[in-house]
Amino acid sequence: MTKAVCSGSFDPVTLGHVDIFERASRMFDDLTICVFHNIHKEGMFPIEQRVAFLEESVRHLPNVRVDAFSGLLTAYMVQHGASVIVRGVRSVKDLEYEQNEAYMNRHLQPGIDTIFLLTRPDYSYVSSSGIRELIQFHGDIHGLVPTCVERAVAERATGIERK
């Protein structure tokens, strides 16, 4: 049984992420989506909420589960018996960054491989940072994020307006 891990901050999860999860879930017996706690970034959404967004977004995928971690991804993978890292790539710039990460992970744990899935062209411009900026300036995020994220953003905006 091949176990794979797709990690990231997912702040917030986008439909581009969900597309990668769906495709990876067909390739591996078991896929874990890990919300990585980046100590160098303060998230727009708390980790618990990001996990909830992801759980709702992949509920239709029976071999996918969601977890959160901090520390080295390779240590997490060894602890959970996973051997493949799945990374979505939107551009050459993404690939250059991810390639270096893959080499470092391979150095740390030679038994772990990384595969890259190219994003669908209609999601190639969608990023979590771009979504955060749209949210900050009250832009339209419909069609870019799962419904649960849209709902949370709308509730947040309503709560802010009431103050």
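Residues numbered from 1 in each chain as written. Predicted model: local features only at pLDDT ≥ 70, side-chain atom pairs only at ≥ 80, totals over all residues. Heavy atoms only, no water.

**Q** Hey, could you run me through unusual backbone geometry in this one?
**A** Note: most residues except glycine have negative phi, and most peptide bonds are trans. With an omega of 0°, the peptide bond between Asp11 and Pro12 qualifies as cis. Residue placement: Pro12 occurs in the loop between β1 (3-8) and α1 (15-27). The phi dihedral of Phe10 is positive, around 45°, even though this residue is not glycine. Considering the arrangement of structural elements, one finds Phe10 in the loop between β1 and α1. Even without a glycine there, the phi angle at His138 is positive, about 60°. As for its placement among the helices and strands, His138 is situated in the loop between α5 (128-136) and α6 (147-162). Classification of His138 as exposed rests on a relative accessible area of 68%. (Helix = DSSP H or I, 4+ residues; strand = E, 2+ residues; numbered from the N terminus. Buried < 20%, exposed > 50% of the residue type's maximum accessible area, 1.4 Å probe, protein only.)

**Q** What is the right way to look at α1 in this model?
**A** Because each turn of an α-helix spans 3.6 residues, side chains separated by three or four positions end up pointing in the same direction. If you check α1, its first and last C-alpha atoms are 19 Å apart, about what 13 residues at 1.5 Å a residue would give, namely 18 Å. Of the surrounding secondary structure, the elements contacted by the buried residues of α1 are β1, β2 (30-36), α2 (47-57), β3 (64-69), β4 (84-89) and β5 (113-118). The N-terminus of α1 is capped by Thr14, whose side-chain oxygen sits 3.2 Å from the backbone nitrogen of Gly16. (Expected span 1.5 Å × (residues − 1). Contact = heavy atoms within 4.5 Å. Polar contact = N/O pair within 3.5 Å; in protein donor to acceptor, adjacent residues only side chain to side chain.)

**Q** Would you mind showing me how to read the sheet that holds β2 here?
**A** Strands pair in a sheet through their backbones, by hydrogen bonds, and they do so in one of two ways: parallel or antiparallel. Judged by pairing direction, the sheet is parallel, and its five strands sit side by side in the order β3-β2-β1-β4-β5 without closing on themselves. The open sheet has two free edges, formed respectively by β3 and β5, since each of these has just one partner strand. For this sheet, the mean angle separating the axes of adjacent strands, direction not counted, is 30°. Examined bridge by bridge, β2 and β3 share six bridges and lie parallel to one another. For Val35, the partnering residue across the bridge sits in β3 and is Ala68. Strand contacts of helix α4 (residues 92-108): β4 and β5, with the helix running at about 165° to β5, the strand carrying the most contacts. (Pairing = 2+ DSSP bridges. Axes fitted to C-alpha atoms, helices over the stretch in contact; angles between N-to-C directions.)

Treat this as a map of the structure, not an account of what it does.
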